[in-house]
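Fold and geometry: a report
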Amino acid sequence: GQNIDQPTEMTATEGAIVQINCTYQTSGFNGLFWYQQHAGEAPTFLSYNVLDGLEEKGRFSSFLSRSKGYSYLLLKELQMKDSASYLCAVRDYSNASKIIFGSGTRLSIQP
Amino acid sequence: DTEVTQTPKHLVMGMTNKKSLKCEQHMGHRAMYWYKQKAKKPPELMFVYSYEKLSINESVPSRFSPECPNSSLLNLHLHALQPEDSALYLCASSQATTSYEQYFGPGTRLTVT
């Protein structure tokens, strides 16, 4: 089976940096995703990690350690529009067509 | 065009009604998905179509019936739904089922009365 854990809620300040952690327990590993979802809207793709290390894309970076079953999403220079849920998801090892989402972290940005 | 469109945006239906949700993409993607999302919960996969063939059915009740008439269109036919089926229904597409990026539509918010 698959289990994905991430904090339920986080708060950060505009202009600051925040790190959202995700741990997963899976029977195999086939890739990890981060999605952003604003309230009432569809998820939008942020990043995909399949190898260990840091992937940087503008203000957002994602890190993966396969041996530790651990990933984080790093958001820099926070803006009010970054208030959203951030979903960690893994690709099912036995069926690559299937993505399993974690419960998401609701991030609130304060002025 | 990197857009997935869904209609209608909102739908209210009784338990005896029959309705359909529609999804369309023109990105040439060959994989399309239906997800169900309850409030403050993550999306849950319902169905996957690959090259217009159903490849995954996540043990979804038969009152939900998917259809892929062509590579750009995906429908979800609804019949005899229950109030607990009220949720946001999201359609997504990707180049292939093993692609790393799925593009989501804005969803249809369904209320079953």
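Quick summary incoming for the structure in this document. Being a predicted model, the structure only gives us computed values, none of them experimental.

Quick notes on the rules
- Residues numbered from 1 in each chain as written.
- Chains lettered and ligands numbered in written order.
- Predicted model: local features only at pLDDT ≥ 70, side-chain atom pairs only at ≥ 80, totals over all residues.
- Heavy atoms only, no water.
- Pairing = 2+ DSSP bridges.
- Helix = DSSP H or I, 4+ residues; strand = E, 2+ residues; numbered from the N terminus.
- Axes fitted to C-alpha atoms, helices over the stretch in contact; angles between N-to-C directions.
- Contact = heavy atoms within 4.5 Å.
- Buried area = accessible area lost by both parts, 1.4 Å probe.
- Salt bridge = Lys/Arg side-chain N within 4 Å of Asp/Glu carboxyl O.
- Polar contact = N/O pair within 3.5 Å; in protein donor to acceptor, adjacent residues only side chain to side chain.
- Nonpolar A, V, L, I, M, F, W, Y, C, P; charged D, E, K, R; others polar.

Some thoughts on the sheet that holds strand E3 (residues 18-25) of chain B
Residue and element names in this part refer to chain B. With antiparallel pairing, 4 strands are arranged side by side in an open sheet as E1-E3-E8-E7. Of all the strands in the sheet, the pair left with one neighbour each is strand E1 (4-7) and strand E7 (64-70). Across the sheet, the mean angle from the axis of one strand to that of its neighbour is 20°, orientation sign disregarded. Note: E7 against strand E8 (residues 73-79), 5 bridges, orientation antiparallel. Residue pairing across strands places Asn-70 opposite Leu-73, the latter belonging to E8.

Comments concerning the interface of chain A and chain B
Between chain A and chain B, the contact holds 19 residues from the first and 21 residues from the second. Both faces combined, the contact of chain A with chain B buries some 1600 Å², and carbon together with sulfur accounts for 59% of it. Run the count over chain A and chain B and you get 1 salt bridge. Note that Glu-58 of chain B and Lys-98 of chain A form a salt bridge whose closest N and O atoms lie 2.7 Å from each other. For the pair chain A and chain B, the number of links is 7 residue pairs in polar contact (both at pLDDT 80 or more). Listed by contribution, the elements that provide at least two residues to the side of chain A that touches chain B are strand E4 (32-37), strand E5 (44-49), strand E9 (84-91) and strand E10 (99-101) of chain A. The greatest single-element share of the side of chain A that touches chain B, amounting to 3 residues, is contributed by E4 of chain A. Its residues assigned to classes, the side of chain A that touches chain B comprises 10 nonpolar, 6 polar and 3 charged.

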